[in-house]
Amino acid sequence: MSYNVCFLVFLSCLLLLGVTFATNMEQTTIVIDVTRQIGEIDENFVCATLDWWPPEKCNYDQCPWGYASLINLNLSSPLLAKAIEGLCNIYHKPYSHSNRLYAETSLDCCLAFKTLRIRIGGSLQDQVIYDVGDLKTPCTQFKKSDDGLFGFSEGCLYMERWDELNRFFHATGAIVTFGLNALYGREKLRGNAWGGEWDHTNTQGYAIDSWEFGNELSGSGIGASVSVELYGNDLIVLKDVIKNVYKSSRTKPLLLAPGGFYEEKWYSELFRLSGPGVLDVMTHHIYNLGPGNDPKLVSRILDPKYLSGSVTGLFKNVERTVQENGPWASAWVGEAGGAFNSGGREVSETFINSFCALLWHRLMGKGVLGIQTNASEYLRTYVHCSKGRLSSQAGITILLINLSKQTTFTVGVSNGVKVVLQAESTKRRSFLETIKSKVSWVGKKASDGYLNREEYHLSPKDGDLRSKIMMLNGNPLEPTVTGDIPKLEPVRYSVKSPLYINPLTISFIVLPTFDAPACS
């Protein structure tokens, strides 16, 4: 099992400070273990959440949701349809278990992937009434309410809207995970504890890839909690419901839970009480940057020690819990937004990172390779077998994220046998000069002749990390007038120059004939 931090580090791109380009140059070498894959990511590694929040949801004097939730999203928007048909954005921490890596995000501008997993859920999930059967309470829209969870009343998912959503998902090829209301039929006890039996009669069908039970009700809970004893029993009941509803289907939906914040004892007990084979995927949430109004938010985003230290121990504990108590299950990060309560103003909505996700999806293959590097902790490095290459030799793709505001890294690459890209010292260069730097290398299986490497360098417009426009190799990335995704073209450079990674940039480097037996 291997851990990877690239998706959370993508959040580092959302930083708010102006850029002062490099005053320092630092040489580094990456040694890649080409003999074996240390992990494998899921085909649907990049995911998105459609939340329930109405426009009235506000935090810290901002009300950012508008018409972006599943209750009011314009499903006829050509941009949205083209988006989902391609893929979507990300800003979430990947997680690995049983040699598989997973990640989750929030839906912002979804565009251009083959298949996209969409999770329907969020804070109001356990207050949603489905307009089916004999309802015990009126099915009305969410309203502000001092007595309701998170300041809102129960709200209705009207069947007409559910039909519209399913037609949209079917048309765009989305893979759907639906979060069920785990409080339906229960009553509030004391504090934030809820008790009583869960009423599963208010559930509904359609072809769903997976059902997730509850949202942040585990352990101490957020706003509400359910004891692990009740939760374990509910999972057994829900598993039987799924088997009966889908008994004629060739494939049956997965069962996910609990979609909360990890507490070792509670999660371990949930596996024990529900029993072997009941829970298919254990989901947990991460908001390790704190609230959206935290004055330390910006500094945390660019602090590599904080980014690694705040989650590394967590992942190890989650891995151990699954291996010891539920080895039949996988583990997913079901939700992770960096900063909670709708994110940080002029942080979460700046230097939009959907194109990072799209490039990841297009370039980073399933196979994950191990590395050793003498680089500063400010240069984050990830290496995968390349994706979608037709030749027998797939080559590799390197993702390099420079968190430093002042250091340019010149990078050498070795396959453990010989250096195939030499890091060289050089005088300080301007941004455009270093973007144009030529880099090459020769793998031992490479054909004779002129060889190219592909480079994708992402940076904020005008060097301003408050910008909402991302640049690719110096060109702005914006939807076309017809709503299409702009072309993501690399710059191709050839032989015998080192690779330069400028401050506060994200770079995908494709080496198509790199000699990596593990990728063959």
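Conventions we followed
Residues numbered from 1 in each chain as written. Predicted model: local features only at pLDDT ≥ 70, side-chain atom pairs only at ≥ 80, totals over all residues. Heavy atoms only, no water. Disulfide = S-S within 2.5 Å. Helix = DSSP H or I, 4+ residues; strand = E, 2+ residues; numbered from the N terminus. Buried < 20%, exposed > 50% of the residue type's maximum accessible area, 1.4 Å probe, protein only. Patch = residues over 30% accessible without salt bridge, like charges linked within 9 Å, V, L, I, M, F, W, Y side chains within 5 Å. Areas by Shrake-Rupley, 256 points an atom, 1.4 Å probe, with all protein chains shown as cover. Salt bridge = Lys/Arg side-chain N within 4 Å of Asp/Glu carboxyl O. Core = buried A, V, L, I, M, F, W, Y, C linked by side-chain atoms within 4.5 Å. Contact = heavy atoms within 4.5 Å. Pairing = 2+ DSSP bridges. Axes fitted to C-alpha atoms, helices over the stretch in contact; angles between N-to-C directions. Expected span 1.5 Å × (residues − 1). Phe/Tyr/Trp six-rings, centres within 6.5 Å; stacked < 30°, edge-to-face > 60°. Lys NZ or Arg CZ within 6 Å of the ring centre and 35° of its normal.

## Details of the state of the cysteines
Item 1. Throughout the structure, instances matching the rule amount to three disulfides.
Item 2. The disulfide that involves cysteine 385 links it to cysteine 519, with 2.0 Å between the sulfurs. Across the S-S bond linking cysteine 385 and cysteine 519, the dihedral sits near -80°, which makes this disulfide left-handed. Here cysteine 385 is found in strand S19 (residues 379–386), whereas its partner cysteine 519 is found in the segment after strand S28 (506–511), with 134 residues between them in sequence. For the pair formed by cysteine 385 and cysteine 519, the shared burial category is buried.

## What about a nonpolar patch on the surface?
Item 1. The grouping of Phe150, Ile222 and Phe261 at the surface amounts to a nonpolar patch, some 220 Å² of accessible area in total.
Item 2. The class for isoleucine 222 is partly exposed, based on a relative accessible area of 37%.

## Remarks on the nonpolar core
For soluble globular proteins, the rule of thumb is that nonpolar side chains tend to be buried together.
Item 1. If you look at the biggest cluster of nonpolar residues, it comprises 64 residues, and the most contacted ones within it are Trp52, Ile120, Phe169, Phe178, Tyr231 and Leu235.
Item 2. A total of six residues in this core trace back to one element, the largest contributor, which is helix H4 (residues 228–245).
Item 3. Filtering out sequence-adjacent residues up to four positions away, tryptophan 52 remains in contact with Ser69, Leu70, Ile71, Ile120, Gly121, Gly122, Leu124, Gln125, Val128, Phe142, Leu157 and Phe178.
Item 4. Residues Leu307, Leu358, Trp360 and Leu363 belong to the second largest nonpolar core, which totals 35 residues.

## Re the pattern of salt bridges
Item 1. As enumerated under the stated definition, the model contains 13 salt bridges in all.
Item 2. Residue glutamate 264 pairs with arginine 320 through a salt bridge whose shortest N-O separation is 3.2 Å. Of this pair, glutamate 264 sits in helix H5 (residues 264–274) while arginine 320 is found in helix H8 (residues 312–325), placing the two residues 56 residues apart along the sequence.
Item 3. Salt-bridge contacts for lysine 305 lead to glutamate 377; the nearest nitrogen and oxygen are separated by 2.7 Å. You can see lysine 305 sitting in helix H7 (residues 304–309) and its partner glutamate 377 sitting in the loop between strand S18 (364–373) and S19, a full 72 residues away along the chain.
Item 4. Taking the relative accessible area as the measure of exposure, glutamate 377 reaches 36% and is therefore partly exposed.
Item 5. Overlapping salt bridges, with partners in common, bring together Arg119, Glu212 and Glu335 in one network.

## Quick notes on the sheet that holds strand S2 (residues 47–50)
Strand pairing in a sheet is mediated by backbone hydrogen bonds. Such pairs are either parallel or antiparallel.
Item 1. Pairing is parallel in the open sheet, where seven strands are placed in the order S2-S5-S8-S11-S13-S14-S16. Here the strands that pair on one side only, and so sit at the sheet edges, are S2 and strand S16 (330–336). Direction aside, the axes of adjacent strands within the sheet are offset by 25° on average.
Item 2. With four bridges connecting them, S2 and strand S5 (residues 117–120) associate as parallel partners. If you follow leucine 50 over to S5, its bridge partner there is isoleucine 120.
Item 3. Together, S2, S5 and strand S8 (175–180) form the strand contacts of helix H3 (residues 159–172), whose direction differs from that of S5 by roughly 165°.

## Examining H4
Item 1. Between its first and last C-alpha atoms H4 spans 25 Å; for 18 residues at 1.5 Å apiece the expected length is 26 Å, and the two agree.
Item 2. Summarising the contacts, the buried residues of H4 are in contact with S8, strand S11 (210–213), strand S12 (225–226), strand S13 (254–260) and H5.

## Some remarks on the side chain of threonine 381
Item 1. For threonine 381, the position within the fold is in strand S19.
Item 2. Beyond its immediate chain neighbours, meaning those up to four positions away, threonine 381 contacts Ile30, Ile371, Ile398, Leu399 and Leu400.

## Concerning the packing of aromatic side chains
Item 1. Taken as a whole, this structure holds 13 aromatic pairs when the rule is applied.
Item 2. Chaining the aromatic ring pairs together yields one cluster made of Trp198, Phe213, Tyr231, Tyr262, Trp266 and Tyr267.
Item 3. Directly above the ring of tryptophan 53 sits lysine 57, whose terminal nitrogen or CZ lies 4.1 Å from the centroid.

## A word on the pairing of S19
Item 1. A large share of S19 lies buried, amounting to eight of its eight residues.
Item 2. The turn joining S18 and S19, which pair antiparallel and follow one another in sequence, is formed by five residues.
Item 3. Judged from the seven bridges that link them, S19 and strand S20 (residues 396–402) form a sheet pairing that is antiparallel. The residue of S20 that forms the bridge with cysteine 385 is isoleucine 396.

## Focus on the pairing of S18
Item 1. Note: strand S1 (residues 24–41) against S18, six bridges, orientation antiparallel. Of the residues in S18, the one forming a bridge with glutamate 40 is glycine 367.
Item 2. By the bridge criterion, three bridges tie S18 to S19 in an arrangement that is antiparallel. Residue valine 368 lies in a different strand from S19, and its bridge partner there is histidine 384.

Keep in mind that these numbers describe shape and distance, not what the molecule does.
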